[in-house]
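Take a look at the letters that make up each chain.
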Amino acid sequence: MTDAQKTAADMTLRAPGDSPPDSRPAPVPLLEPREGIPPVTATDGALDRIVAAFAAGTGPVAVDAERASGYRYGQRAYLVQLRREGAGSALIDPVGCPDLSALGEAIGDAEWVLHAATQDLPCLRDIGMVPTRLFDTELAGRLAGFARVGLGAMVENVLGFALEKGHSAVDWSTRPLPEPWLRYAALDVELLVDLRDALEEELEQQGKLEWARQEFAAIAAAPPPPPRKDPWRRTSGMHKVRRRRQMAVVRELWTARDQVAQRRDISPGKVLGDAAIVEAALNLPPNSHALAALPGFGHRMGRRQLEQWQAAVDRARALAENELPQPGQPLNGPPPPRSWADKDPVAAARLSAARAAVTALAEDLNLPQENLITPDTVRRLCWEPPAEPSQESVAEVLRGHGARPWQIEQVAPILTEALLTDAS
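Residues numbered from 1 in each chain as written. Predicted model: local features only at pLDDT ≥ 70, side-chain atom pairs only at ≥ 80, totals over all residues. Heavy atoms only, no water.

(A) Just the overall build of the protein, in detail. Of the regular secondary structure elements, the protein holds 20 helices and six strands. For the C-alpha atoms alone, the extent of the protein along its principal axes is close to 70 × 65 × 45 Å. Residues counted as buried form 46% of the 424 residues belonging to the protein. Long-range pairs, those at least 24 residues apart, make up 68% of the contacts in the protein with a sequence separation of at least 6. Carbon and sulfur atoms make up 50% of the accessible area of the protein, which amounts to about 21,500 Å² in all. (Helix = DSSP H or I, 4+ residues; strand = E, 2+ residues; numbered from the N terminus. Buried < 20%, exposed > 50% of the residue type's maximum accessible area, 1.4 Å probe, protein only. Contact = heavy atoms within 4.5 Å. Areas by Shrake-Rupley, 256 points an atom, 1.4 Å probe, with all protein chains shown as cover.)

(B) Looking closely at unusual backbone geometry. Omega for the bond connecting Arg-175 with Pro-176 falls within 30 degrees of zero, at -5 degrees, which places this linkage in the cis form. Positioned with a positive phi, Asp-230 is a non-glycine residue whose angle comes to about 50 degrees. Checked against the element boundaries, Asp-230 lands in the loop between α9 (209-221) and α10 (244-264). Asp-230 gets classed as partly exposed once you look at its relative accessible area, which sits at 24%. With phi around 55 degrees, Asn-366 is a residue other than glycine that occupies positive phi space. Within the secondary structure, Asn-366 sits in the loop between α16 (345-365) and α17 (369-372).

(C) Broad picture of the sheet that holds strand β2 (residues 58-67). Pairing is mixed in the open sheet, where six strands are placed in the order β1-β4-β3-β2-β5-β6. Of all strands in the sheet, those with a lone pairing partner are β1 (40-41) and β6 (133-136), marking the two edges. Note: strand β3 (residues 77-85) against strand β4 (residues 88-92), five bridges, orientation antiparallel. From the neighbouring strand, Arg-84 faces β4, where its bridge partner is Gly-88. Its contacts with the sheet put helix α5 (residues 137-144) on β5 (111-114) and β6, and the angle it makes with β6 is roughly 55 degrees. (Pairing = 2+ DSSP bridges. Axes fitted to C-alpha atoms, helices over the stretch in contact; angles between N-to-C directions.)

(D) A look at the packing of helix α8 (residues 192-206) against α9. Their axes nearest at 7 Å, the elements α8 and α9 cross at an angle of 125 degrees. Classified by the angle between their axes, α8 and α9 sit oblique to one another. Contact with α8, carried on its side by Glu-200, Leu-203 and Glu-204, involves Leu-209, Ala-212 and Arg-213 of α9 and no other residues of that element. A per-class count over the contact of α8 with α9 returns three nonpolar, no polar and three charged. (Parallel < 35°, antiparallel > 145°, perpendicular 65-115°, else oblique. Nonpolar A, V, L, I, M, F, W, Y, C, P; charged D, E, K, R; others polar.)

(E) Representation of the UniProt feature "domain: HRDC" (unreviewed entry) in the protein within the structure. Within this numbering scheme, the UniProt entry marks residues 243-323 as carrying the feature "domain: HRDC" (unreviewed entry). End-to-end, the C-alpha atoms of residues 243-323 are 13 Å apart, and along that stretch the chain is 68% helix and 0% strand. (UniProt positions renumbered as here; feature names shortened; annotations may be inferred.)

(F) The arrangement of the environment of Ala-144 in detail. Looking at the secondary structure, you find Ala-144 in helix α5. By relative accessible area, which is 0% here, Ala-144 ends up buried. On a C-alpha basis, the gap between Ala-144 and Gln-206 in space is 7.4 Å, while along the polypeptide they are 62 residues apart.

(G) Local environment of the state of the cysteines. In the structure shown here, the tally under the stated rule is zero disulfides. Cys-97 takes part in no disulfide bond, and the closest cysteine sulfur, belonging to Cys-123, lies 15 Å away. (Disulfide = S-S within 2.5 Å.)

(H) Here's a closer look at the nonpolar core. Among the nonpolar cores identified, the biggest contains 82 residues, and Leu-82 and Leu-398 are the most heavily contacted of them. Here the element with the most residues in this core is helix α20 (residues 405-423); it accounts for eight residues. Apart from residues no more than four positions distant in its own chain, Leu-82 is found in contact with Phe-54, Val-61, Ala-62, Val-63, Gly-88, Ser-89, Ala-90, Ile-92, Leu-103, Ile-107, Met-129 and Val-189. One finds Trp-232, Ala-280, Ala-312 and Ala-316 within the second-largest nonpolar core, a separate group that totals 32 residues. (Core = buried A, V, L, I, M, F, W, Y, C linked by side-chain atoms within 4.5 Å.)

(I) Summary view of the packing of α10 against helix α14 (residues 303-317). One way to put it is that α10 packs onto α14 with a least axis distance of 8 Å and a crossing angle of 140 degrees. The handedness of the crossing between α10 and α14 comes out as right-handed. Facing Arg-245, Ala-248, Val-249, Glu-252, Leu-253, Ala-256, Arg-257 and Val-260 of α10, the residues of α14 in contact are Gln-308, Trp-309, Ala-312, Val-313, Arg-315, Ala-316 and Arg-317. In terms of residue class, the contact of α10 with α14 is made up of nine nonpolar, one polar and five charged. (Left-handed = near helix turned anticlockwise from the far one by under 90°.)

Right under this line is the structure:
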């Protein structure tokens, strides 16, 4: 950061929630690349030079990735951006360089700085980049109590610079990538380490730095999530579908759409919309002519496409009763809270007391409730509490559900009190 940038950052940094002293603040300067826009690395030879440069660099490494969500199938990375002291910035094309494991190893011992790390880590892992240590600036902002934790808002509020906007949702699989998009991508890592340093200082002042370190360590150590069971059940509008035969139609259409999307490498929503799938399930069309009359299967859809979707509907219609999907997914944990009052009024009272206690403590600590303790953990504790609630037994339950030590220290006393109050 230049002296001018440091001066602006010093003048702009203020505690979360503070208002500017002047109701007419000065315009926020637009961030400019310090060394211009780096060329896109798309060959093995160029990648070798990047690996050597970043291995020789010092300090944390800013890392970001761009996907083509809404355009392509899956969540693969189509651009990786990095910046490190002594190495400068780099833009790498994972299409031309699909294996970045050498780069991952070169910076493996460094702390990686990401914004909303859990969004980028899966696609980075797929190309061989896995951090051992990280700092998540979005999560740090949440723990520090910032109301807005998007990267642009954080850079502006903390460092006093505006990031260019407008390219976050573009099709990053486009080749060649337009110069304005590359500029936007390079700027995403331009001040990420500076933001990290400022947030670390803020967390230290608030006494929350150790909390953040535990959260970051948990993210870095987390295994890849298992495949989602029955993903077709997450079809938008699924709540309208109540009969098992209709559910079978959703399942068959969703599966057929997914196969087409994967084969064509296109977002499933661009192949067939969720609303169209639900309409077909509700109406159970007997033939492709009836299917064409439904919303989402209009005149723009070709005959072969209609026949393809009608075949999926016909497969569902032909299933035996014992082959139809069950109405709901098997519960892994407590039932939905709305049913607790009927199923177990005492548990419902426990949950109400626990929620109120967590809400009050989160407000006192100036951080989101879900970062203090996950709602699912609270529900599981209240549905099946220890036989003899104590801080030790409650802490053991929380630990079993993955709560970090700092979370247990904060919430075990209030949750124990909530359980004991209900018991009395």
